[in-house]
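Listed here are the chains, written in short residue letters.
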Amino acid sequence: APDLWGEYRVGGSKGYTEVAGILPYMKWDDVLDDEFELSDSAVGWGINLSSNIKFGSSDTLRLQGVFGEGIQNYMNDSPVDVGVVRNPGNLRTPIRGETIPITGIVAFLDHNWSSQMSTAIGYSGQWNDNTEGQTPDSFKNGHYVLGNVLYSPVPNAMVGVELQWGRRENFSDGFESDATKIQVSFKYNFSARIGG
């Protein structure tokens, strides 16, 4: 079934504030011909608050927060929308699916040093309340921090350098991993007309 969603935004010269909601419906079929019946369905939900706030002519603060269950498919690097939980006393359906609660935040500041140079710095994170039946190595929490400097020496050309740090935390096996990298980018915009 299609996901149901809606949003409401209030804007002005200094930015905007928006609230949005979503209701995704999920269904899965047990296709194995055995003694178990694991077909089921679930309804997820999510509420998202976001805002861009301009300070003067050179700074923009970008904020976003989301809370819900079963909306992981809309997030980068998230686990699945539905996790496994035990269903004691039911021999026909010993396990069932349950939507996974999630919380996420994003906060970034964009600063223009000049008409040719800009910087973005920010943080994003997400926290999943894993279900009891998920494997110990399932994704639980993630963190991401970056800062960059972008320079446009001439029109249509941009070069940039960015420092990135990320962290993954698993559900219950004690695994945590950090990664740091430097990314260098170059972009050139062009257009051409071929034919009439």
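Now for a description of the structure that goes with this document. The shown structure was predicted, so the numbers you read here are calculated from the model rather than taken from an experiment.

**With respect to the sheet that holds strand β12 (residues 157–170)**
The strand order β1-β2-β5-β6-β9-β10-β11-β12-β13 describes an open sheet built from nine strands, whose pairing is antiparallel. Edge positions in the open sheet fall to β1 (4–12) and β13 (176–188), since each of these has one partner strand only. Mean inter-strand twist for the sheet, computed between neighbouring axes without regard to direction, equals 10°. In the sheet, strand β10 (residues 117–128) pairs with strand β11 (residues 139–151) via eleven bridges, with the strands oriented antiparallel. If you follow Q126 over to β11, its bridge partner there is G142.

**With respect to a nonpolar patch on the surface**
Together, W113, M117, V149, Y151, V159, V161, L163, I182, V184, F186, Y188 and F190 make up an exposed nonpolar region whose accessible area comes to about 1,300 Å². Looking at the nonpolar patch, the elements that each hand over two or more residues are β11, β12 and β13. The leading source of residues in the nonpolar patch is β13, at four residues. Inspection of the secondary structure assignment puts F186 in strand β13.

Rules of the game
Residues numbered from 1 in each chain as written. Predicted model: local features only at pLDDT ≥ 70, side-chain atom pairs only at ≥ 80, totals over all residues. Heavy atoms only, no water. Pairing = 2+ DSSP bridges. Helix = DSSP H or I, 4+ residues; strand = E, 2+ residues; numbered from the N terminus. Axes fitted to C-alpha atoms, helices over the stretch in contact; angles between N-to-C directions. Patch = residues over 30% accessible without salt bridge, like charges linked within 9 Å, V, L, I, M, F, W, Y side chains within 5 Å. Areas by Shrake-Rupley, 256 points an atom, 1.4 Å probe, with all protein chains shown as cover. Salt bridge = Lys/Arg side-chain N within 4 Å of Asp/Glu carboxyl O.

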